[in-house]
Amino acid sequence: SWRTFALIFAGSALLVILASAAVAATSYLPAALADIARGLVSDSGSIIFGVLAASVLFYAASRFHKGNAMRRIWELFGVAMTVRVIGDIIWVALEIRSHYADVPYPSVADAFYLAFYVFAVAGLIVAARSFRRLCDADRAIKVDIIVMFFVTTAVYVFVVAPIIVSAVPLAQKVLGVAYPIGDIVALLGPA
């Protein structure tokens, strides 16, 4: 719809304006301060766009009556985006507290980042169940499974296996594997 294109255009324009302003503003700072300023701009941009996305998702949910599956789908996506924003806020606080040096990993932020996947997948499951009655998606699902098999194999070989054999603590290994798998399941697969 025209609203969707307006949101995409306005969001993209805002992104270009903020990025240009950040590059211009930080180019006049000393190198050490410029890195911190760029980090703050990048982090705040993530939070701002996350809040906008969550707001749009909850607004979309509000357009449907209570009990409607579409409302539940948009609410789950809105909650997913909200917990991601909370994770970003915690991450920024950790970065500021550490003066952009050694941020703890794993941290409390990771709990919220992982919760994003839980709510996003829940929204996708509700959507799949709702739309299954309207159309025959079996062929698309079969093609998706085949594509996801090859993508998952590539991710295992190039991302997961090196993490598993690395000499980092177990918690870092688990998160290092959880994020790419979560991206495949909750983002790439459905796309």
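Residues numbered from 1 in each chain as written. Predicted model: local features only at pLDDT ≥ 70, side-chain atom pairs only at ≥ 80, totals over all residues. Heavy atoms only, no water.

Together, Tyr 156, Val 157, Phe 158, Val 159, Ile 164 and Val 165 line one region of the surface with nonpolar side chains, adding up to about 610 Å² of accessible area. For Val 159, the location among the structural elements is in helix α5 (residues 138–165). A relative accessible area of 33% places Val 159 in the partly exposed class. (Patch = residues over 30% accessible without salt bridge, like charges linked within 9 Å, V, L, I, M, F, W, Y side chains within 5 Å. Areas by Shrake-Rupley, 256 points an atom, 1.4 Å probe, with all protein chains shown as cover. Salt bridge = Lys/Arg side-chain N within 4 Å of Asp/Glu carboxyl O. Helix = DSSP H or I, 4+ residues; strand = E, 2+ residues; numbered from the N terminus. Buried < 20%, exposed > 50% of the residue type's maximum accessible area, 1.4 Å probe, protein only.)

Bringing the packing of helix α2 (residues 31–62) against helix α3 (residues 69–97) into the picture now. One way to put it is that α2 packs onto α3 with a least axis distance of 8 Å and a crossing angle of 160°. It follows from the interaxial angle that α2 and α3 lie roughly antiparallel. As α2 runs across α3, the sense of the crossing is left-handed. Its residues assigned to classes, the contact of α2 with α3 comprises 17 nonpolar, five polar and five charged. (Axes fitted to C-alpha atoms, helices over the stretch in contact; angles between N-to-C directions. Parallel < 35°, antiparallel > 145°, perpendicular 65-115°, else oblique. Left-handed = near helix turned anticlockwise from the far one by under 90°. Nonpolar A, V, L, I, M, F, W, Y, C, P; charged D, E, K, R; others polar.)

The subject of this paragraph is the packing of aromatic side chains. Counted by the stated rule, this structure contains four aromatic pairs. Here Trp 74 and Phe 77 contribute two aromatic rings whose centre-to-centre distance is 6.3 Å and whose plane-to-plane angle is 75°, an arrangement assigned as edge-to-face. In this pair, Trp 74 and Phe 77 both sit in helix α3, three residues apart, roughly one turn of the helix. Between Phe 116 and Tyr 117, the ring centres sit 5.4 Å apart and the planes meet at 65°, which makes this aromatic pair edge-to-face. The same class applies to Phe 116 and to Tyr 117, which are both buried. Taken together, Phe 116, Tyr 117 and Tyr 179 form an aromatic cluster joined through their ring pairs. Positioned above the aromatic ring of Phe 116, the side-chain terminus of Arg 84 is 5.6 Å from the ring centre. (Phe/Tyr/Trp six-rings, centres within 6.5 Å; stacked < 30°, edge-to-face > 60°. Lys NZ or Arg CZ within 6 Å of the ring centre and 35° of its normal.)

We now examine the pattern of salt bridges. In the structure shown here, the tally under the stated rule is one salt bridge. Note that Glu 75 and Arg 71 form a salt bridge whose closest N and O atoms lie 3.1 Å from each other. Residue Glu 75 and its partner Arg 71 are both found in helix α3; the two are separated by four residues, about one turn of the helix. With a relative accessible area of 30%, Glu 75 lands in the partly exposed category.

Our next topic: α3. For α3, built from 29 residues, the straight-helix expectation of 42 Å at 1.5 Å per residue is met to within 8% by its first-to-last C-alpha distance of 42 Å. Where α3 begins, the side chain of Asn 68 points an oxygen toward the backbone nitrogen of Met 70, at a separation of 2.8 Å. Within two residues after α3, His 99 carries a phi angle of roughly 55°, on the positive side. (Expected span 1.5 Å × (residues − 1). Polar contact = N/O pair within 3.5 Å; in protein donor to acceptor, adjacent residues only side chain to side chain.)

As for its position among the elements, Lys 173 is in helix α6 (residues 170–188). The spacing of Lys 173 and Val 160 is 13 residues in sequence and 8.7 Å in space, taken between C-alpha atoms. Looking at Lys 173, its side chain comes within polar contact range of the main-chain oxygen of Ser 166, at 3.1 Å.

Right, let's talk about the layout of surface pockets for a bit. Empty space left among the atoms is revealed by rolling a probe the size of a water molecule over them. Computed from the structure, the largest pocket encloses a volume of approximately 690 Å³. What lines the largest pocket is a set of 21 residues, among which Leu 124, Ala 128, Ile 141, Asp 144 and Pro 190 lie closest to the centre. Secondary structure elements with two or more residues in the lining of the largest pocket: α4 (108–132), α5 and α6. With eight residues, the top contributor of residues to the lining of the largest pocket is α4. (1 Å grid on protein atoms, 1.4 Å probe; cavity = no way out; pocket = protein on both sides within 12 Å on 5 of 7 lines; lining within 4 Å. Points joined across faces, edges and corners; volume = space filled by probe spheres on them.)

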